[in-house]
Amino acid sequence: MKKEIGDLQAYLKKVASFSLPKYKELPSVELYMEQVLNFINGALTDLTPAGEKALTSFMVNNYVKAKMISTPTKKKYSRDQIGYLMAICLMKSTLSMGDIAVLLEHEAGISVEKERVYSFFCELETSILSETAKKTMPRVDEVSRRLKSESSRKNKQAEDNAINALALLALRLSIQAQANKLLSDFIIDVLRKSSRSEEAYSIETYPTTKEAKHEAALGKVEAKRLAEAKQAPKSNKKEKKSKKEKKA
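Let us look at the structure shown here. For every chain, the first residue of the written sequence is number 1, and numbering continues from 1 along that sequence. The model is predicted, so local features are restricted to residues of pLDDT at least 70 and side-chain atom pairs to those at 80 or more, both for listing and for counting; the totals for chains, interfaces and linings are taken over all residues. Derived side-chain values reflect all non-hydrogen atoms in the structure, with water molecules and hydrogen atoms excluded from consideration.

This part covers the pattern of salt bridges. For this document, the term salt bridge refers to a Lys or Arg side-chain nitrogen within 4 Å of an Asp or Glu carboxyl oxygen. For the structure on display, the rule yields ten salt bridges. A salt bridge links D189 to R192, with the shortest nitrogen-to-oxygen separation between them at 4.0 Å. Separated by three residues within a single helix, D189 and R192 lie in helix α7 (residues 158-193), roughly one turn from each other. Measuring nitrogen to oxygen at the nearest pair gives 3.4 Å for the salt bridge that ties K193 to D189. Residue K193 and its partner D189 are both found in helix α7; the two are separated by four residues, about one turn of the helix. Judged by relative accessible area, K193 falls into the exposed class, the value being 68%. Each residue is assigned to one of three classes by its accessible area relative to the maximum for its type, calculated with a 1.4 Å probe on protein chains only: buried under 20%, partly exposed between the two thresholds, exposed over 50%. Here D189 falls in the partly exposed class, since its relative accessible area comes to 29%. Helix numbers and strand numbers start at the N terminus; a helix is a DSSP run of H or I with at least 4 residues, a strand a run of E with at least 2.

Now the structure itself:
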């Protein structure tokens, strides 16, 4: 158990000091899909569980179809598109694609300049990550100290006590996350009602089984629906305009 707690302490330190690539550090030349995946997965390695990838080509294609990022030019992705993908990768664990699309519609509230929007997101992401990790560190350190103390006194319950303490800490963090998501979901619903977005989906992994392939197919349909929904108001305006012209 001492090794596991040591690994946890090391991870918390890593998260506390984590920082996303600055806008100027994003590739200045356009990249092909594989290069984009390598860059983003490399940048997010510290936040990604071992053996998993933060971003896959399947995810990217879904984001493009949903018009969450613009279509690549000649299969190459620009600095701005890579910035969007970086942000989406970090938000997708707590938000559906539809919810992310709603928030992206309001990015102009931050700035019309992509560099400033990305910089704002980076600052927010890293500061909250760091703050949460730093608040969690003392609790884990206390568990470590108690384990050492009880082990030195040959308390047979030392490891069980440490495990229970970590379980309670995980519970506290999960409830905190659930509460934050509850409030976030309500606010996003308010935004959705006043915007052009509709509810969407969250099919964002490579299909490997028959069921997963079916879900992936549904994801593609939803991506298309989300994209069409975002364009619908413009089409309606054009139709109304043409009707008025005919009456005139």
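From this point, the narrative continues.
The next point concerns a nonpolar patch on the surface. The grouping of I110, F120, L124 and I128 at the surface amounts to a nonpolar patch, some 350 Å² of accessible area in total. One can find L124 in helix α6 (residues 114-152). Residue classification places L124 among the partly exposed positions, given a relative accessible area of 41%. Nonpolar side chains (Val, Leu, Ile, Met, Phe, Trp, Tyr) within 5 Å and like charges within 9 Å form the patches, drawn only from residues with over 30% relative accessible area and no salt bridge. Shrake-Rupley sampling with a 1.4 Å probe provides the accessible areas, and residues are treated as covered by the protein chains on show and by no other component.

Now for the side chain of T136. Note on placement: T136 falls in helix α6. Look at T136 and you get buried, because its relative accessible area is 8%. Nitrogen and oxygen atoms within 3.5 Å of one another constitute a polar contact, given that in protein one can donate a hydrogen and the other can accept it, and given that sequence-neighbouring residues count only through two side-chain atoms. Here the side chain of T136 touches T132 through a polar contact of 2.7 Å, landing on its backbone oxygen.

A few words now on the packing of helix α2 (residues 33-43) against helix α4 (residues 79-91). What describes two packed helices is the angle between their axes and the distance between those same axes. Contact pair α2 / α4: the axes reach a minimum separation of 11 Å and the direction vectors enclose 45°. By the angle between their directions, the pair α2 and α4 is classed as oblique. Seen from above, α2 lies across α4 with right-handed handedness. In this structure, α2 uses V36, F39, I40 and A43 to contact α4, whose residues at the interface are I82, L85, M86 and C89. Classification convention: Asp, Glu, Lys, Arg as charged; Ala, Val, Leu, Ile, Met, Phe, Trp, Tyr, Cys, Pro as nonpolar; all other residues, Gly among them, as polar. Here the contact of α2 with α4 is composed, by residue class, of eight nonpolar, no polar and no charged. Interaxial angles span 0 to 180 degrees and are taken between N-to-C directions of axes, which are lines fitted to C-alpha atoms, for helices over the stretch in contact. In these notes the angle categories are as follows: under 35 degrees is roughly parallel, over 145 is roughly antiparallel, 65 to 115 is roughly perpendicular, and the rest is oblique. By convention, the crossing between two helices is left-handed when the near helix turns anticlockwise from the far helix through less than a right angle, and right-handed when the turn is clockwise. It only takes one pair of heavy atoms within 4.5 Å for two residues to be counted as in contact.

Let's shift gears to α4. For α4, with 13 residues, the first-to-last C-alpha span of 19 Å sits near the 18 Å given by 1.5 Å per residue. When you tally the buried positions in α4, you get eleven out of 13 residues, the bulk of the element. Among all positions in α4, only Q81, I82, G83, Y84, L85, M86, A87, I88, C89, L90 and M91 are buried. Residues of α4 that are buried make contact with β1 (31-32), α2, α3 (57-65), β2 (76-77), α5 (97-105) and α6. The span expected for a helix works out to 1.5 Å for each residue beyond the first.

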